[in-house]
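Coordinate analysis (summary)
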Amino acid sequence: MATLPAKPAMKERILETADRLFYLQGIRAVGVDTIAAEIGISKRTLYNHFPSKDALISAYLARRFVAPRPSDKSPVEQILGTFDSLERRFSAKDFRGCPFVNAVAELGEDQSVRKVAVEFKESRRLWFRDLLVQLGIRQADALATQLALLVDGSIAQDLVRNDPAMARAAKEAATVLLRNAGVKIGTPAPKHAAKKRPSRSAI
C-alpha cells in the first residue's frame, strides 16, 4: 500500500503547530525550540523544512491569508454576513484577534510583516468594494473603507470588552451606512440579549 511522502506531512505538522502557538501565545513568545518540542522533533528537523524562524513566520502569515469563499448570496447578505461570522468567531474560546494586526504589533519593525498585513487588510477592503460596486454604490471605495473599519473596530472592542455583541453593533452600523448609500435592506430582526461567554485574560 502506497504511503504519503514523509517530508510534506512533517512540514505541514510544523506549520500547523507554529500557527496555533504563534496565534495563541504570540510570535515573540514562541521559539523554534518550543515548536519542535511540541511536535517531538529536533530543531535540525524543523530547520530542514524552515531554515529560520523568519521563514516560519512568513509561512504562518501566508497560511492565514485566505481569500473569502465564492458565495451565491446577494452582495448585501455577504456584506452583513461578515459581521455574523465575526460574532461567531468572537464567541470562540481561542479567539485572540486579527493575526495580522497581532503580527504588526509584535514585529512592526519588520517591513515584510507589515507588507503582508497591509496586503491582507486591503484585500478585505477590496472585497467589500467589489460587492458595493455590484450594488451600484457610487462611492464604493470610501464605503468599503468604512466597512473595513467597522470590522477592525469590532475586533478591538471584543478583545477589550469580551463581548461578541460588538460584532452585532458593527453590523447595525454597517446597515445604516448601506441604507444611507441607497441600498434597500429588509426590516431588521428583533434584538435579543447577547450571551456572555466566560471572561478571558485581557490582551
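Residues numbered from 1 in each chain as written. Predicted model: local features only at pLDDT ≥ 70, side-chain atom pairs only at ≥ 80, totals over all residues. Heavy atoms only, no water.

1. What about the packing of helix H5 (residues 75–90) against helix H7 (residues 111–134)?
- At a closest axis distance of 9 Å, the pairing of H5 and H7 adopts a crossing angle of 150 degrees. The angle between H5 and H7 places the two elements in the roughly antiparallel class. As H5 packs across H7, the resulting crossing turns out to be left-handed. Within the contact between the two elements, H5 uses Pro 75, Gln 78, Ile 79 and Thr 82 and H7 uses Trp 127, Phe 128, Leu 131, Leu 132 and Gln 134.
- Grouping the amino acids of the contact of H5 with H7 by side-chain chemistry returns six nonpolar, three polar and no charged. (Axes fitted to C-alpha atoms, helices over the stretch in contact; angles between N-to-C directions. Helix = DSSP H or I, 4+ residues; strand = E, 2+ residues; numbered from the N terminus. Parallel < 35°, antiparallel > 145°, perpendicular 65-115°, else oblique. Left-handed = near helix turned anticlockwise from the far one by under 90°. Contact = heavy atoms within 4.5 Å. Nonpolar A, V, L, I, M, F, W, Y, C, P; charged D, E, K, R; others polar.)

2. Overview of the environment of Ala 140
- Relative to the assigned elements, Ala 140 resides in helix H8 (residues 140–161).
- Sequence-wise, Ala 140 and Arg 129 are eleven residues apart; in three dimensions their C-alpha atoms are separated by 5.4 Å.
- Discounting residues that sit within four places of it in the chain, Ala 140 has contacts with Arg 129, Leu 132 and Val 133.

3. Description of the confidence of the model for the protein chain
- Model confidence for the protein chain is summarised by a mean pLDDT of 90, while 88% of its residues fall at 70 or above.
- Here residues 189–203 scores under 50 on pLDDT; set against residues more than four positions off or in separate chains, the count is 28 contacts. (pLDDT = per-residue confidence, 0-100.)

4. Observations regarding H7
- In this model, H7 (24 residues) spans 34 Å end to end at C-alpha, consistent with the 34 Å of a helix rising 1.5 Å per residue.
- Here H7 has its buried residues at Val 113, Val 116, Ala 117, Phe 120, Arg 125, Phe 128, Leu 131 and Leu 132.
- On the buried face of H7, the contacting elements are helix H4 (53–64), H5, helix H6 (99–107), H8 and helix H9 (165–180).
- Where H7 terminates, the next one or two residues include Gly 136, which has phi positive at roughly 80 degrees. (Expected span 1.5 Å × (residues − 1). Buried < 20%, exposed > 50% of the residue type's maximum accessible area, 1.4 Å probe, protein only.)

5. Remarks on the pattern of salt bridges
- A complete count under the given rule lists 16 salt bridges for this structure.
- Here Arg 63 and Glu 16 are joined by a salt bridge, their closest N and O atoms 3.8 Å apart. Residue Arg 63 is located in helix H4, and its partner Glu 16 is located in helix H1 (residues 6–25); the two are separated by 47 residues in the primary sequence.
- What makes Glu 16 partly exposed here is its relative accessible area of 40%.
- Where Arg 20 meets Glu 38, a salt bridge forms, and the shortest distance between an N and an O atom there is 3.1 Å. With Arg 20 in helix H1 and Glu 38 in helix H2 (residues 32–39), this pair connects stretches of sequence that are 18 residues apart. (Salt bridge = Lys/Arg side-chain N within 4 Å of Asp/Glu carboxyl O.)

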